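Architecture at a glance
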Amino acid sequence: MASLAVGLILEKIASKDKDFRYMATSDLLNELQKDSFKADSDTERKVTQIVLQQLDDASGDISGLAVKCLAPLVKKVNENRVVDIADSLCNRLLTGKEQQRDIASIALKTVVAEISSGTCAQSLVVSLTPKLIKGITSPDTSTEVKSECLDILCDVLHRFGGLMTADHEKLLNALLVQLNLQRAGLRKRAIQCLATLAASMSDDLLARATISVVQILKNKDVKPDMTRTNIQMIGAFCRAVGYRFGPHLNEVVPLLISYCETASENDDELRENSLQALESFVLRCPRDVSEHTGTILNLALEYLSYDPNFTDDMDEDLNEDMDGDEEEDEESADEYSDDEDVSWKVRRAAAKCLSAVISSRPELLSTLYSKASPKLIERFREREENVKIDVFNAFIDLLRQTGSVTKGSGDPTKGGSPLYMLQQEVPKVVKSLNKQLREKSVKTKVGAFSVLKELVIVLPNCLSDHMTSLVPGIEKALNDKSSNSNLKIEALVFVRLVMASHSPSVFHPHIKALSVPVLSSVSERYYKVTAEALRVCGELVKAIRPTLDKPADFVFAPYVQPIYIAIFKRLTAQDQDQEVKECAISCMGLVISILGDQLKKELGTCLPLLLERLRNEITRLTAVKAFATIAESPLKIDLSSVLEQVVTELTTFLRKANRALRQASLGTLNALLTAYSNKISPSSYESIITELSSLISDADLHMTALALELCCTMMLDKQHHMNAGAAVRERVLPQALILVKSSLLQGQALQTLQGFFAALVQSANTSFDTLLEALLSTAKSSGSPGGPASKQAFHSIAQCVGVLCLAAGDAKCSSTVAMLINCLKGGVGNDATTLLSLLCLGEIGRRKDLSPHVNIEGVVIGSFQSPSEEIKAAASYSLGNIAVGNLSKYLPFILSQIDTQSKLQYLLLHSLKEVIARQSLDEVGKVEFQETDVQKILSLLFTHCESEEEGVRNVVAECLGKLALIEPEKLVPALKERTASSSAFTRATVVIAIKYTIVERPQPIDAYVKPCIASFLMLIKDDDRHVRRAAVSALSTAAHNKPGLVKDLLPTLLPLLYDQTVVKKELIRTVDLGPFKHTVDDGLELRKAAFECVDTLLDNCLDQIDPSVFITPHLLSGLSDHYDVKMPCHLILSKLADKCGSAVLAVQDALVEPLEKTVTNKTKPDAVKQEVDRNEDMIRSTLRAIESLHRISSGEPSTRFKTFMNNVVKSGSLAEKYNAVRHESDSMVGAGDIMDMS
């Protein structure tokens, strides 16, 4: 059928009528685009012939359609036919007339773009390359033809450079000659071709090409335009090949710097080209350019103010009278201007080069603040707008790098720190930007607000002393008729951020000046301006009345009505954007919660409107949160008109599928029940409890915690507690008893569940004995709902029993302990009963002194003889916790037992660990250790440091670490002394001990640890691998919890840490297992720990790390290592791509091989499920790393990475997995944005 249809079309194409030919060609195009189109050999020949004929048609429309026909045609015909088409088009290009030549060029580009890689591409390349080389090199070829040939060759190289290896040398020789041509256009195209060729060229040819270009640059007699071309060529090479260009930098960088400095006064283009090339070195070869970075930085700073035709005196004359009068605008318009002056291009190139240094060199941050920051601030006055925006962007990069490095942990008061140095610059920044805010240019003002916005994000509360000077600029931006929406949005975002991060009193003198333009912006037509203005209103309301519990210092009454009216107008409007609706609801919630006592008359109109929004599916989530804000207000707003309806709506939301809605509804109900319980009917309580029962499960522990919290609120309510307690016992308790058996139960959900049982036993109609029996029976029965209890469940049940006994009072608690002791004494029951009894005694004993129960310690220690390891561990835990309740009685018992019972030492040490760990938590009311106790414990622990058993040494290390938190002045020197011990076991134990002293919150021990932590961490170069691993682990903990302890040591520690990532052959051994041999890598755990430590350091100590030194060779090696090492390496790669993208892009080609090898790895046919799952996890992990690479290289990925993405990642079975990873990545970014907005 296809052949018949095509036959009819081909007859019509031969028509003399132009319209007939056009329609027939159009029909042919439609036919060729069909998936079903298949032609025999004869039809292929005819169609090809006709399409090529149509290219010569006198009508441009028809020849244009013929070009479009080639795109589907080359995919449908056989390989030889494609080669014939390309040959024919190439001949027309080289020898045809002008019109033929133009259309042949477009057609040939279409064929190259559409052809698929493979044998067809190989044949095409073999055929085309010699012809294109001839077209480029032949002296008879016209400039136009040569230009087209270079364009097409660039396309061919871009797509199939890797298939042309045999011709690379010929191509290189042909193209290098073109750099010396007179025509600038041809030289530019030759540069593009050579750069594209370089991406697939061997290192030897690349070196030859670079040397050839460098030789020309060394010749000072060459014409300036040739010099410029060769400098552009150097920059293009570097951008194309990245890190592979590194070896040539030592020769090239000094050459370019000398050209920059010695160029004639009129040769600004040469300076611009040199600075652009230096920028590409900084971004693409971060490792090799390191030694030149300082010189490049100085050069960029020098040329940032390069303006030979405009002196500083002129600038000062223009800017000396900047007091805000209107004459300023006229003055700025009359600034010096010269159309022939292109020095601005040099300044722009310098700004971008500086920006490259800033964004790729976090470790130079302090240097950048001392050198670059003052210069950038000075150049805010730049007269050329495009350059000024680049200067702003460079300063924003500096601020972002500061934020990334300090990440909220920096101290602005610490001299020498980046934040401190920035703090010193703030007055100059504000003064300079204030001048920019008075400029006429909207673009300049937007840039100035962008800088201010970033400044507030990085250094909150830094503008307290400068608001008076900034307010006029904000007013002008919001009021001026010339202001566009972009400027208004930037100004409003800045106002919102600055109000959220500064003390309200800072704004009180300016409320009148700010409120008028902000409220008028609420009425703007463009929805983004309106939404941002509403968010600012929210901050404005918080500022005018910061405290509700005491009389305000600021008279806020005059502003209440204007704010309310502006927001109410937006709240009532129906025909507006969703974002505006949500902002209006949130803002009204804030207004009512803060100013509600001033709006009593208006509440009757406003609250029903919010209720209406609550019933609307589109706005209900925002309305739920707004009601929570109102309910939590100390003003106790009168909600009686809508309260019952709101509670009813919220109760129905608890059964909706939307998780965020259920979560918000639980929080709002809790707030409403806390504040308005006396106004809510008992029937509403019952409805809520009925819905809550279905939310309590281990499928969503966060939701469960919120639901249980709400139950506690209802049971503790004096008015309704009897009814609520009964309803909860009937509906919620069965679910809670199933939940307590879950192995997933932990954290907040477990704590809330304990509170739930305590509240339940205190509410009416709930018997303690019934509850206790129900809890204990959950561990025993396998036939109960939820199945048998897990091992973790015994601990959860025991904690709940402990809390329950304490809540029930001393008598009930005492009888329960007696019952548990009898269970242990009599040996009654199975292992589960014994295990639970021990754990329950421990949990009760931790909270209450059990010494009145005679010989309880003897009963517990009797279980140390049990054959069950679980019961032994439970007895150890129980004894330690009982000792916490009465240290003076039970601690000497434990210490004496450790001395006398050598077989039970491990278990007794665990008991001691419990005592020390609980003591180091500083619980209120606990007795401190006695001096003699500490000495005994220390002597005991140091004796066991050299134990042969690793388990014992680990417990000893934890005990020493936790004890050091209690007695730092004794322990820290003692631990330091033992870092020089001859025993490797002791050295490893004390390093692990110091790790336990570095906890997240500030502790007195920090002052003792900081001066001597180097002694512990330098054991990273110990001869024993166990000691090295302990030191790596300690460094990782310090970097995570208290980076300040180790930052100054990192220049010394990092090379030692990187050395631990290398595969050491001496740690690999072969074990002979008879029928087969097994290879064991003893260094694997150490390498894994080292990479995980680097991952942590990237989060908290980025300014101390040179990413390029780590990436090559350490990360590249890790990506090809064992499964356990690859996983952290993928995380590191993703993190580096996010934080130091330029360093990663520089080695993008080198990353392809290890990633491709991992992502295409197949398991053996006989692999077990565990191996298959493990391999799938590895592939997903690799794809996440690839996605992060793709995200940062979307602008200009290297040819090799692009080919890898198209041929491997986005094709076959991997495509679906990759899309899933991308979707997951996008949703995480979206969630992050939502969190930022909130």
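Residues numbered from 1 in each chain as written. Predicted model: local features only at pLDDT ≥ 70, side-chain atom pairs only at ≥ 80, totals over all residues. Heavy atoms only, no water.

The name given to the protein chain in an unreviewed UniProt entry is Cullin-associated NEDD8-dissociated protein 1, with Marchantia polymorpha as the source organism. Looking at the Sequence similarities (unreviewed entry) heading of the UniProt record, one finds this comment for the protein chain: "Belongs to the CAND family." (UniProt positions renumbered as here; feature names shortened; annotations may be inferred.)

**Details of helix H13 (residues 249-262)**
Along an α-helix, residues three or four positions apart point the same way, because every turn accommodates 3.6 residues. When the terminal C-alpha atoms of H13 are compared, their 20 Å separation across 14 residues agrees well with the 20 Å that a helix rising 1.5 Å per residue should span. Residues of H13 that are buried include every one of Leu249, Val252, Val253, Leu255, Leu256, Ile257, Tyr259 and Cys260, and no others. Looking at the buried side of H13, the elements it contacts are helix H11 (203-218), helix H12 (224-241), helix H14 (268-284) and helix H15 (293-304). (Helix = DSSP H or I, 4+ residues; strand = E, 2+ residues; numbered from the N terminus. Expected span 1.5 Å × (residues − 1). Buried < 20%, exposed > 50% of the residue type's maximum accessible area, 1.4 Å probe, protein only. Contact = heavy atoms within 4.5 Å.)

**Observations regarding the UniProt feature "domain: Stalled ribosome sensor GCN1-like HEAT repeats region" (unreviewed entry) in the protein chain**
Mapped onto this numbering, the UniProt entry gives "domain: Stalled ribosome sensor GCN1-like HEAT repeats region" (unreviewed entry) at residues 130-302. Here residues 130-302 runs as 75% helix and 0% strand, with 48 Å between its end C-alpha atoms.

**Details of the pairing of strand S2 (residues 1077-1081)**
By the bridge criterion, five bridges tie strand S1 (residues 1068-1072) to S2 in an arrangement that is antiparallel. Among the inter-strand pairings, Asp1072 is bridged to a residue of S2, identified as Lys1077. Connecting S1 to the next strand, S2, in antiparallel fashion are four residues, including Gly1074 with a positive phi near 85 degrees. (Pairing = 2+ DSSP bridges.)

**Looking at the pattern of salt bridges**
Under the definition given, this model contains 66 salt bridges. Residue Arg659 is joined to Asp700 by a salt bridge in which the shortest nitrogen-to-oxygen separation is 2.6 Å. Here Asp700 lies in the loop between helix H33 (682-692) and helix H34 (701-715) and Arg659 lies in helix H32 (residues 659-676), a separation of 41 residues in the sequence. According to the relative accessible area criterion, Arg659 is partly exposed, its value standing at 37%. The exposure class of Asp700 is buried, given its relative accessible area of 16%. Residue Glu843 is joined to Arg846 by a salt bridge in which the shortest nitrogen-to-oxygen separation is 2.7 Å. In this pair, Glu843 and Arg846 are both assigned in helix H41 (residues 831-847), three residues apart and thus about one turn of the helix distant. For the pair shown, Glu843 and Arg846 are each scored as buried. Each member of the salt-bridge network shares a partner with another, and the members are Asp307, Arg347, Arg379, Glu382 and Arg383. (Salt bridge = Lys/Arg side-chain N within 4 Å of Asp/Glu carboxyl O.)

**Digging into unusual backbone geometry**
Look at the link from Thr1112 to Pro1113: it is a cis peptide, with omega at 10 degrees. With respect to the helices and strands, the residue Pro1113 is situated in helix H54 (residues 1107-1118). The backbone phi angle of Asn461 is positive, close to 65 degrees, even though this residue is not glycine. Mapped onto the secondary structure, Asn461 falls in the loop between helix H22 (442-458) and helix H23 (467-479). For Asn461, a relative accessible area of 41% puts it in the partly exposed group. Although it is not a glycine, Lys636 adopts a positive phi angle of roughly 50 degrees. You can see Lys636 is positioned in the loop between helix H30 (620-631) and helix H31 (643-653).

**Here's the deal with the packing of helix H21 (residues 418-437) against H23**
One way to put it is that H21 packs onto H23 with a least axis distance of 10 Å and a crossing angle of 25 degrees. When the interaxial angle is binned, H21 and H23 end up roughly parallel. Relative to H23, the crossing made by H21 is left-handed. From H21, Val430, Asn434 and Leu437 reach across to H23, where they touch Ser469, Leu470, Gly473 and Lys476. Considering only residue class, the contact of H21 with H23 consists of three nonpolar, three polar and one charged. (Axes fitted to C-alpha atoms, helices over the stretch in contact; angles between N-to-C directions. Parallel < 35°, antiparallel > 145°, perpendicular 65-115°, else oblique. Left-handed = near helix turned anticlockwise from the far one by under 90°. Nonpolar A, V, L, I, M, F, W, Y, C, P; charged D, E, K, R; others polar.)

**Some details on the environment of Leu733**
Its location among the elements puts Leu733 in helix H36 (residues 733-739). By relative accessible area, which is 10% here, Leu733 ends up buried. In this structure, the C-alpha to C-alpha distance between Leu733 and Ser888, residues 155 residues apart in sequence, is 39 Å. Those residues in contact with Leu733 that sit more than four places away from it in its chain are Val728, Phe756, Phe757, Leu760 and Leu771.

**Re the nonpolar core**
Counting 423 residues, the largest nonpolar core has Phe281, Phe756, Phe757 and Leu912 as the members making the most contacts within it. When residues of this core are assigned to domains, at least three map to each of domain 1 (463-599) and domain 2 (1109-1233). Leave out the neighbours within four places in its chain, and Phe756 touches Leu708, Cys711, Cys712, Met715, Val728, Val732, Leu733 and Ala736. (Core = buried A, V, L, I, M, F, W, Y, C linked by side-chain atoms within 4.5 Å. Domains from an automatic or database assignment.)

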